[in-house]
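Here's the letter readout for the chains.
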2 protein chains.
Amino acid sequence: MLGGGVGGSRFVSGVRAGYPDAELTVVVNTADDITLHGLRICPDLDTMAYTLGGGIDTDRGWGRAAETWRVSAELAAYGLEPAWFGLGDLDLATHIARTQLLAAGHSLSEVTRLITARWLGHDPRLRLLPMTDDVVETEVMIFDPSGENERRWVHFQEYWVRLHAEPEALAIRRTGIDHTRPAPGVAKAIATADLVLIAPSNPVVSIGPILEVPGIRDSLRTTSAPVIGFAGILGGAPVLGMADRLLPAIGVAVDAAAVGRHYGSRVGGGVLDLWVMDTADGASAAELERSGLNVAVTGLIMTTPEATAEFIRLAVKAVV
Amino acid sequence: MLGGGVGGSRFVSGVRAGYPDAELTVVVNTADDITLHGLRICPDLDTMAYTLGGGIDTDRGWGRAAETWRVSAELAAYGLEPAWFGLGDLDLATHIARTQLLAAGHSLSEVTRLITARWLGHDPRLRLLPMTDDVVETEVMIFDPSGENERRWVHFQEYWVRLHAEPEALAIRRTGIDHTRPAPGVAKAIATADLVLIAPSNPVVSIGPILEVPGIRDSLRTTSAPVIGFAGILGGAPVLGMADRLLPAIGVAVDAAAVGRHYGSRVGGGVLDLWVMDTADGASAAELERSGLNVAVTGLIMTTPEATAEFIRLAVKAVV
């Protein structure tokens, strides 16, 4: 499975519920990562680990359950910016642990293995891999509110969390992506998979970065496994998050069919063998199929892991 | 004032209570400092700042009042050592702030000024200065419990906190001390002082390091201000802490008069104009005076800031 963010973590719960005995490798987006207060924060890896380990705050969809915010309040009392990023006390320990282990010379995949051991247990059938061990960060171009028609790049987290995705996203860039390599195990996991699932995560900032790591797109195009993608846009709006604010910046309409075309069919040079859209978007399925992309239409709302498992099983039956 | 640790912070409360309008510079020991979980921890600076700012846990004598330990418990859950050093959630924010500011290129004195602004306000009459901006750490030689007559060096904090000062301290070393310089402002503060007070802090690990920073001893010997030292050993035992475990390692008896001789009189090549001992040690005063060290005898138990202020005022009257 490829994914990230809250959508990815809801989806992974469905995969586990639907295929509890399957060997599952989750390749996780790391382009949302950010260094704050000197601590390396990997929101998507953490959301995924907390979800699989039962530590997630299920209401918020990110961070730890029963969280408190005492350290953050102290940092603010010291006048230390940024105060806009939510760093809970329990969550902070993960960032301290990761930063300590990275400073000791471990790669991000090694650190992820050490940290997620607590959340995943030592089940050899379940692995979280960062998409890459190299540092890559998504930045968004906005109009600078202080200047007339001045533009500036802000880190994705600043755009998303601090600015609530309110400014128009003029462009997206992925700093460092050209020099990244897939993390150890990613290429092999895709090559030897029986099935590849692309989560209904944000196509611009969650799935996009994974596909842009040099080598991963090729792995997807050459694997013998069917590749199934799931739409996160339902009836013209994102089911979670604010993907509608970012799709225009990469020239893709806020529409499930448009995202499907953006990923593309394998036969047509893309990565998908099957694109799964919600029933709300069924009207565009026929046209999409005519363009060469296999489409399945079903309810895609991830109300419970079981509901998610249900539509995943349905999609899998269509290709296996 | 020169000092460190819990004794130093009790003493500074007395100085403030006794001389609320005085311009006070506290030169603080930093040889207890340690890096844990990638965070730079300066226990003496923090104890002093929390005490002056009303944030200290007065029962424990260190760390923050109303403290919790959620982050520490998480770090332990990740299996990250060391778990033996008490890192409260509120306290941890100070370490994160300091580490962030140090990494941004600020010196320890600058960081201390930024952090203590919160605790001291912006009162220009009150300053905390680290003894040095350079890294120096006290280490203690012990018999390695795993080997026969094998010896090893452990960081002072490991000896003190983890091993509860139980192993015999065979020797003390101050890693890096020869290459340190006094922090900016230290030499001038001593040179221009009206009065220098040496707190009844641990002579081996709190006052010792300050006197060993090249230049500070000379500053004390050449200042026109009277230098008054206060004994932390009362009736042959430390009033706080475990100085009795460390004095033998530097060849000094666990005795107030012996510590006074160790600091020495200025006329005899040491740093003191007056040595203040508790009434419990009055019997050795006459002999000490004959050896050339001026001695005052009074009650030295720091029950309250007012009681401490009282004995400080009494000592000051003897020299000014």
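Calculation notes
- Residues numbered from 1 in each chain as written.
- Chains lettered and ligands numbered in written order.
- Predicted model: local features only at pLDDT ≥ 70, side-chain atom pairs only at ≥ 80, totals over all residues.
- Heavy atoms only, no water.
- Pairing = 2+ DSSP bridges.
- Helix = DSSP H or I, 4+ residues; strand = E, 2+ residues; numbered from the N terminus.
- Axes fitted to C-alpha atoms, helices over the stretch in contact; angles between N-to-C directions.
- Contact = heavy atoms within 4.5 Å.
- Least-squares fit on C-alpha atoms with pLDDT ≥ 70 in both.
- Parallel < 35°, antiparallel > 145°, perpendicular 65-115°, else oblique.
- Left-handed = near helix turned anticlockwise from the far one by under 90°.
- Nonpolar A, V, L, I, M, F, W, Y, C, P; charged D, E, K, R; others polar.
- Patch = residues over 30% accessible without salt bridge, like charges linked within 9 Å, V, L, I, M, F, W, Y side chains within 5 Å.
- Areas by Shrake-Rupley, 256 points an atom, 1.4 Å probe, with all protein chains shown as cover.
- Salt bridge = Lys/Arg side-chain N within 4 Å of Asp/Glu carboxyl O.
- Buried area = accessible area lost by both parts, 1.4 Å probe.
- Polar contact = N/O pair within 3.5 Å; in protein donor to acceptor, adjacent residues only side chain to side chain.
- Core = buried A, V, L, I, M, F, W, Y, C linked by side-chain atoms within 4.5 Å.
- Buried < 20%, exposed > 50% of the residue type's maximum accessible area, 1.4 Å probe, protein only.
- Phe/Tyr/Trp six-rings, centres within 6.5 Å; stacked < 30°, edge-to-face > 60°.
- Lys NZ or Arg CZ within 6 Å of the ring centre and 35° of its normal.
- Domains from an automatic or database assignment.

(A) Representation of the sheet that holds strand β8 (residues 171-175) of chain A in the model. Residue and element names in this part refer to chain A. Read across the open sheet, the three strands follow the order β7-β6-β8; overall the sheet is antiparallel. The sheet is open, and its two borders are formed by β7 (151-155) and β8, each paired with just one other strand. Recorded for the sheet is a direction-independent mean angle of 30 degrees between the axes of neighbouring strands. The pairing of strand β6 (residues 137-143) with β7 spans five bridges and is classified as antiparallel. Its bridge partner lying in β7, Met141 is registered against Trp153. With respect to the sheet, helix α8 (residues 203-212) is in contact with β6 and β8, its orientation differing from that of β8 by roughly 45 degrees.

(B) Representation of the sheet that holds strand β7 (residues 151-155) of chain B in the model. Residues and elements named next belong to chain B. Strand order in the open sheet made by the three strands is β7-β6-β8, with antiparallel pairing throughout. Each having just a single partner strand, β7 and β8 (171-175) make up the two edges of the open sheet. Strand-to-strand twist across the sheet, computed as the mean angle between neighbouring axes with direction ignored, equals 30 degrees. With respect to the sheet, helix α8 (residues 203-212) is in contact with β6 (137-143) and β8, its orientation differing from that of β8 by roughly 45 degrees.

(C) Focus on the relation of the copies chain B and chain A. Each copy superposes on the other: chain B lies on chain A with an RMSD of 0.0 Å after a rotation of 180 degrees and an axial shift of 0.0 Å. In short, the pair behaves as if placed about a two-fold rotation axis. When C-alpha positions in chain B are compared against the rotation axis, the closest is assigned to B:Asp89, at 3.7 Å. The share of interface residues of chain B whose copies in chain A are also at the interface is 100%, consistent with both copies meeting through the same surface.

(D) Representation of the packing of helix α3 (residues 70-77) of chain A against helix α4 (residues 89-103) of chain B. The interhelical angle for the contact between α3(A) and α4(B), taken along N-to-C directions, is 50 degrees, at an axis separation of 8 Å. With respect to α4(B), the element α3(A) is oriented oblique. In the packing of α3(A) onto α4(B), the handedness of the crossing is right-handed. Here A:Arg70, A:Val71, A:Glu74 and A:Leu75 of α3(A) come into contact with α4(B), specifically with B:Asp89, B:Leu90, B:Ala93, B:Ile96 and B:Ala97. Considered class by class, the residues forming the contact of α3(A) with α4(B) number six nonpolar, no polar and three charged.

(E) Spotlight on a nonpolar patch on the surface. Taken together, the side chains of A:Val239, A:Leu240 and A:Ile301 present a nonpolar region at the surface, about 220 Å² in accessible area. Tracing the backbone shows A:Leu240 in the loop between β12 (237-238) and α10 (243-246).

(F) Examining the interface of chain B and chain A more closely. Residue-level contacts link 28 residues of chain B with 28 residues of chain A. Carbon and sulfur atoms supply 63% of the area buried between chain B and chain A, which totals about 2,300 Å² over both sides. Our count for the contact surface shared by chain B and chain A stands at four salt bridges. One salt bridge in this structure joins B:Arg64 and A:Glu74, with 2.6 Å as the shortest N-O distance. Counting every contact that joins chain B to chain A gives 14 residue pairs in polar contact (both at pLDDT 80 or more). Among the secondary structure elements, those contributing two or more residues to the side of chain B that touches chain A are α3 (70-77), α4 and α5 (108-120) of chain B. For the side of chain B that touches chain A, the leading source of residues is α4(B), giving nine residues. Grouping the constituent residues of the side of chain B that touches chain A by class yields 16 nonpolar, five polar and seven charged.

(G) View of the nonpolar core. Of all hydrophobic cores here, the largest spans 205 residues; its most connected members are A:Phe11, A:Phe230, A:Leu246, B:Phe11, B:Phe230 and B:Leu246. When neighbours within four sequence positions are excluded, A:Phe230 is seen to be in contact with A:Phe11, A:Leu197, A:Ile198, A:Ala199, A:Pro200, A:Trp275, A:Val276, A:Leu300, A:Phe311, A:Ile312 and A:Ala315.

(H) View of the environment of A:Leu211. Residue and element names in this part refer to chain A. Mapped onto the secondary structure, Leu211 falls in helix α8. Sequence-wise, Leu211 and Asn29 are 182 residues apart; in three dimensions their C-alpha atoms are separated by 9.5 Å. Not counting residues within four places of it along the chain, the set of residues in contact with Leu211 comprises Leu2, Arg217, Leu220 and Tyr263.

(I) Representation of the packing of helix α1 (residues 5-18) of chain B against helix α2 (residues 43-53) of chain B within the structure. Residues and elements named next belong to chain B. Packing of α1 against α2 leaves a shortest axis separation of 9 Å and a crossing angle of 30 degrees. Relative to α2, the element α1 is oriented roughly parallel. Where α1 crosses over α2, the two elements pack in a sense that is right-handed. The residues of α2 that touch α1, namely those facing Gly5, Val6, Gly8, Ser9, Val12, Ser13 and Arg16, are Asp44, Thr47, Met48, Thr51 and Leu52. Residue composition of the contact of α1 with α2, by class: four nonpolar, six polar and two charged.

(J) Just the packing of aromatic side chains, in detail. Inspection of every chain in the model, using the stated rule, returns 14 aromatic pairs over all chains. Where A:Phe156 meets A:Trp160, the ring centres are 5.0 Å apart and the plane angle is 35 degrees; that geometry is what we call tilted. Pair noted here: A:Phe156 and A:Trp160 are both in helix α6 (residues 156-162), with a separation of four residues, about one helical turn. Judged on exposure class, the residue A:Phe156 and its partner A:Trp160 are both buried. On the basis of an interplanar angle of 55 degrees and a centroid distance of 4.9 Å, the ring pair of B:Phe11 and B:Phe230 is categorised as tilted. Here B:Phe230 lies in strand β10 (residues 227-230) and B:Phe11 lies in helix α1, a separation of 219 residues in the sequence. Exposure remark for B:Phe230: the relative accessible area of 1% places this residue in the buried category. A network of ring pairs unites the aromatic residues A:Phe11, A:Phe230 and A:Phe311 as a single cluster. Cation over ring: A:Arg60 sits above A:Trp62, and NZ or CZ is 4.6 Å from the ring centre.

(K) Expanded view of the pattern of salt bridges. Tallied over the entire structure, the rule returns 28 salt bridges over all chains. Each of A:Asp21, A:Asp123 and A:Arg125 takes part in salt bridges that share partners, so that together they form one network.

(L) Representation of helix α11 (residues 256-263) of chain A within the structure. Residue and element names in this part refer to chain A. Extensive coverage of α11 is indicated by the burial of six of its eight residues. For α11, every residue scored as buried is listed here: Ala256, Ala257, Ala258, Val259, Gly260 and Tyr263. Packing partners of the buried residues in α11 comprise α8, β11 (233-234), β13 (274-278) and α12 (285-290). For α11, the N-terminal cap is Asp255; the gap from its side-chain oxygen to the backbone nitrogen of Ala257 is 3.0 Å. Directly beyond the C-terminal end of α11, a positive phi value near 80 degrees is found at Gly264.

(M) Inspection of the domain arrangement of chain A at higher detail. Residues and elements named next belong to chain A. Taken domain by domain, chain A comprises domain 1 (33-123), domain 2 (137-175) and domain 3 (179-317). Spacing between the C-alpha centres of domain 2 and domain 3 amounts to 25 Å. Every contact between the two is made by 15 residues of domain 2 and, on the other side, 13 residues of domain 3. The three residues of domain 2 that bury the most area against domain 3 are Trp160, Ile172 and Arg174, which together make up 55% of that side's buried surface. Where the side of domain 2 that touches domain 3 is concerned, the elements lending two or more residues are β6, α6 and β8. For the side of domain 2 that touches domain 3, the per-class residue count stands at ten nonpolar, two polar and three charged.

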